[in-house]
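One letter stands for each residue in the lines below.
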There are 2 protein chains.
Amino acid sequence: MKQKSGYKARKDLTELIQVMTSLTSEHNLEKLLKLIVKSAVDITDSDAASLYLREKDFLKFVITTNKTLEARMGREVFESTIKAFSVLISKKSISGFAAHTGKIVNIKDVYKIKEKPYSFNKTFDEINQYRSKSMLTIPLVNREGNVVGVLQLINKLTKKGKLTTFKKYDEEVTISLGAQAAVALENVKLQENLLKSHYDSIMRLSAANEFRDNETGFHVQRVSYYCELLAKAAGYSEDFVKSIKYASPLHDVGKIGIPDKILKKPGRLTEEEYEIMKQHTVIGGKILSNSDNDIMLLAQEVALSHHEKWDGTGYPYGLKTENIPLSGRITAIADVFDALSNKRVYKPAFPLDKTFSILEEESGIHFDPKLIEVFLSVKDDVEDIYKRLKDED
Amino acid sequence: MKQKSGYKARKDLTELIQVMTSLTSEHNLEKLLKLIVKSAVDITDSDAASLYLREKDFLKFVITTNKTLEARMGREVFESTIKAFSVLISKKSISGFAAHTGKIVNIKDVYKIKEKPYSFNKTFDEINQYRSKSMLTIPLVNREGNVVGVLQLINKLTKKGKLTTFKKYDEEVTISLGAQAAVALENVKLQENLLKSHYDSIMRLSAANEFRDNETGFHVQRVSYYCELLAKAAGYSEDFVKSIKYASPLHDVGKIGIPDKILKKPGRLTEEEYEIMKQHTVIGGKILSNSDNDIMLLAQEVALSHHEKWDGTGYPYGLKTENIPLSGRITAIADVFDALSNKRVYKPAFPLDKTFSILEEESGIHFDPKLIEVFLSVKDDVEDIYKRLKDED
């Protein structure tokens, strides 16, 4: 095997290092997967690359890129033809073999495999009228030495675009890329798990009030999803959408400070009792105060402002129109929608169409008219959440 | 400048790639900092390296390594002589210049700097009888293009250990390492912030009960820290220590399900009322149930078992000795210690020595004797937490 010139080797490796730094900084799983396959074909001058992630005893095919087919069909059409599938981790398939043994598999022509435990699956080629020839398959190994996936490169190309085979040098480069990809994938998953844990904690602790008031744990979940949906449909940033999803379930956390005799009273509250009840907004604001955490700051805003009304007749401060924080205006719609569309001790569940029309009537009175318009434009998605998280009768 | 041979360049870069993958997988800030300076001297064959992290308008010196001085004094002694300091980001110092301009500074001899805005600070050399000569200073730039720190290499060595100067090639390699280090540092901080947010949420939501019962928000904080301290002193894993710190503040979350007339009763509870009160353990277990999050699972265990007693006379299940989960045995000590050493409506605060001796008397009766022994062995640390988070009178 010919040694690459110092200059070429350094250029490739400089490129590799840049890619590795990009991998480390990518926190979005989907973008990270795309970056891995794109970088793999760029660095090795291959025509195609596929990525499989391990799920217990299987390799799940997650993403692929193919220059020839994308040029022929267009990227979107090509992507739409790709179907998810899984391969058992065993010596019988090429990717399975790499995952099973932890070894690199470098094949000159996949149609000419002889005396190997694995064989090549021609289905993809036949469906897409493609000819796979050289193939380099490497296991992605995490820092504990476990295989977390497989990266597969297909059809190495010369500078002039002719088919050739993968060299020792490609193996080395791809192994480096794979090691970094494995760690980057694990970091992203770790981060997603952390976020999930945090959301889980917020959800169950905000649902704890169900042991005192008459709402179910599903109420806070639905409100959280309605707020997420509304904020997204209204075009706010991904960050805000996530934050309101996390913050809104805490809207009633201040009810913990309301005495049983008021909170649990089955009949109508006296004026005096109602004044105490209103304090749940202020108490919630206090519980969630003095945080340097953005979600808690937003949750404090929501707790304080979700009973304000567009026309200024709400509480605790009687704020008007856009003086009411956006988070409070969003949560107010979600909260009232949920109260109306579900049974309460003092009222039956209203049908969805009636609920929507009550909200529409209150547009510009109780609610921000622009947000109501958006909310009504995503009725179908609202209904999906409603059905998925229905209270039991 | 001479081009390195292809082989040498590839060997170095392979090493660099391995280091980069290690950087990506390191989630502990202290270990990451050590890894950065150690890798920097190894890869560039330098005698010393220092790392500065940006804090607003300053560079904070965080870690250094120096082969010559560590050989002369021993690593521990050398480390103990290093003092924290900060440098204003301006053109007047070398590290400040690199941070201010975002430019690499490669100096052949720091004692012979001429007509530059910056000058070399000889203090370190004078104190340690060291002679800095060649110096390579590079800014650490994150993916948004902001300088997050500075990496400084001192005294490049030849293979034979003689002083030489940093070459273009060292600049390239260090820039790559620096780019990866910057992203790795940001990832670790992001993760730490996420964990902090999660802890913050747990703390304030578990402290929310203070609006109903007579305990203050500091109670849950102190219990959390006492549990952390006890688990650490007893030699449990870092993971368990962190988990019990997070889980223990939730021990009384089930009190939300106890009616006001019992929870807020100033006098002694009747037997019937006490039976209801005991239910806070079971309600807490229910609130925290069905999670796939390890911290919530441990919190559920704590909520259920923190009123069990070593001799089997506790509740809700009357478990004995080691049948009581470890988490519950630890939290029981922390919770009772805190109740005794602080004022309650039904009792004054006991002095610390009296509190410790009551716990000692209850060793093997209420509490796990081994854990009590450990707890008593860290009295000073317990007192520190007690004083730091004292309730107001």
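Up top is the structure.
All figures in this text were calculated on a predicted structure; none of them were measured in a lab.

Q: Describe the pairing of strand 6 (residues 147–157) of chain A, and please don't skip the residues or the numbers.
A: Side-chain direction in a regular strand flips from residue to residue, so the side chains alternate between the two faces of the sheet. All names here are of chain A. Extensive coverage of strand 6 is indicated by the burial of 11 of its 11 residues. As defined by bridge partners, strand 1 (residues 46–55) adjoins strand 6 across 7 bridges and the pair is classed as antiparallel. Across the sheet, the residue bridging to Leu53 is Gly149, located in strand 6. Where strand 5 (residues 135–141) hands over to strand 6, the hairpin turn is made up of 5 residues, of which Gly145 adopts a positive phi near 85 degrees. The pairing of strand 6 with strand 7 (residues 163–164) spans 2 bridges and is antiparallel. Bridging across to strand 7, Lys156 finds its partner in Thr164.

Q: Run through the relation of the copies chain B and chain A, naming residues and quoting values.
A: When chain B is fitted onto chain A, the two copies agree to an RMSD of 0.2 Å after a turn of 180 degrees and an axial shift of 0.0 Å. Given the turn and translation reported, the copies of this chain are related as if by a two-fold rotation axis. Most of the interface of chain B is mirrored in chain A, where 100% of its interface residues again form contacts.

Q: Break down the environment of Arg344(A) for me, citing the residues and quoting the values.
A: Residue and element names in this part refer to chain A. Position of Arg344 among the secondary structure elements: in the loop between helix 13 (326–341) and helix 14 (352–361). Between the alpha carbons of Arg344 and Asn214 there is a distance of 7.2 Å; along the sequence they are 130 residues apart. Once you skip the residues sitting within four places of it in the chain, Arg344 turns out to touch Glu215, His219, Asp338 and Ala339.

Q: Let's hear about the environment of Leu185(B): which residues, and what values?
A: Residue and element names in this part refer to chain B. Take Leu185: it is sitting in helix 7 (residues 168–206). When its relative accessible area of 4% is taken as the criterion, Leu185 is described as buried. Sequence separation of Leu185 and Gly149 is 36 residues, and the distance between their C-alpha atoms is 9.7 Å. When residues no more than four places from it in sequence are discounted, the contact partners of Leu185 are Leu29, Leu32, Leu33, Ile36, Leu53 and Leu140.

Q: Account for the interface of chain B and chain A, naming residues and giving values.
A: The extent of an interface is frequently quoted as the accessible surface area lost upon association of the parts. In this assembly, 54 residues from chain B lie in contact with 54 residues from chain A. Summing the contributions of chain B and of chain A, the shared interface buries around 5000 Å²; its carbon and sulfur component is 62%. Counting across the interface, chain B meets chain A through 4 salt bridges. Ionic pairing is found between Asp292(A) and Lys196(B), a salt bridge with its closest N-O pair at 3.9 Å. The tally of links between chain B and chain A comes to 24 residue pairs in polar contact (both at pLDDT 80 or more). Secondary-structure elements contributing two or more residues to the side of chain B that touches chain A are helix 1 (6–25), helix 7 and helix 11 (271–287) of chain B. A total of 20 residues in the side of chain B that touches chain A trace back to one element, the largest contributor, which is helix 7 of chain B. Of the residues that constitute the side of chain B that touches chain A, the class distribution is 24 nonpolar, 19 polar and 11 charged.

Q: Can you break down the nonpolar core residue by residue, with the values?
A: Among the nonpolar cores identified, the biggest contains 115 residues, and Ile330(A) and Ile330(B) are the most heavily contacted of them. When near neighbours in sequence (up to four residues on either side) are disregarded, Ile330(A) contacts Cys227(A), Leu230(A), Ala231(A), Phe240(A), Ile244(A) and Leu371(A). The next biggest cluster of nonpolar side chains, apart from the first, holds 64 residues, and it includes Ala184(A), Ala40(B), Leu51(B) and Leu140(B).

Q: Break down unusual backbone geometry for me, with residues and values.
A: All names here are of chain A. Going from Tyr315 to Pro316, the amide bond is cis rather than trans, its omega being 5 degrees. Tracing the backbone shows Pro316 in the loop between helix 12 (294–305) and helix 13. A positive phi angle, close to 55 degrees, is found at Lys56, a residue other than glycine. Tracing the sequence through the fold places Lys56 in the loop between strand 1 and strand 2 (58–66).

Q: Can you lay out the side chain of Ser25(A) for me, pointing to particular residues and giving the numbers?
A: Of note, Ser25(A) is situated in helix 1 (residues 6–25). On the basis of relative accessibility, which here comes to 9%, the residue Ser25(A) falls in the buried class. Ignoring anything within four residues of it in the chain, the contact list for Ser25(A) reads Arg143(B) and Val183(B).

Q: Could you give an account of the packing of aromatic side chains, with specific residues and numbers?
A: Residue and element names in this part refer to chain A. This structure, assessed with the given rule, holds 28 aromatic pairs over all chains. Relative to Phe85, the ring of Tyr52 lies with its centre 6.1 Å away and its plane at 80 degrees, an arrangement referred to as edge-to-face. Within this pair, whereas Tyr52 is found in strand 1, its partner Phe85 is found in the loop between helix 4 (75–81) and strand 3 (86–88), the two being separated by 33 residues in sequence. Ring centres 5.4 Å apart and planes at 55 degrees place the aromatic pair Tyr111 and Phe120 in the tilted group. One Lys or Arg, Lys245, reaches over the ring of Tyr199 and ends 4.9 Å from the middle of that ring.

So, how was this worked out
Residues numbered from 1 in each chain as written. Chains lettered and ligands numbered in written order. Predicted model: local features only at pLDDT ≥ 70, side-chain atom pairs only at ≥ 80, totals over all residues. Heavy atoms only, no water. Buried < 20%, exposed > 50% of the residue type's maximum accessible area, 1.4 Å probe, protein only. Helix = DSSP H or I, 4+ residues; strand = E, 2+ residues; numbered from the N terminus. Pairing = 2+ DSSP bridges. Least-squares fit on C-alpha atoms with pLDDT ≥ 70 in both. Contact = heavy atoms within 4.5 Å. Buried area = accessible area lost by both parts, 1.4 Å probe. Salt bridge = Lys/Arg side-chain N within 4 Å of Asp/Glu carboxyl O. Polar contact = N/O pair within 3.5 Å; in protein donor to acceptor, adjacent residues only side chain to side chain. Nonpolar A, V, L, I, M, F, W, Y, C, P; charged D, E, K, R; others polar. Core = buried A, V, L, I, M, F, W, Y, C linked by side-chain atoms within 4.5 Å. Phe/Tyr/Trp six-rings, centres within 6.5 Å; stacked < 30°, edge-to-face > 60°. Lys NZ or Arg CZ within 6 Å of the ring centre and 35° of its normal.

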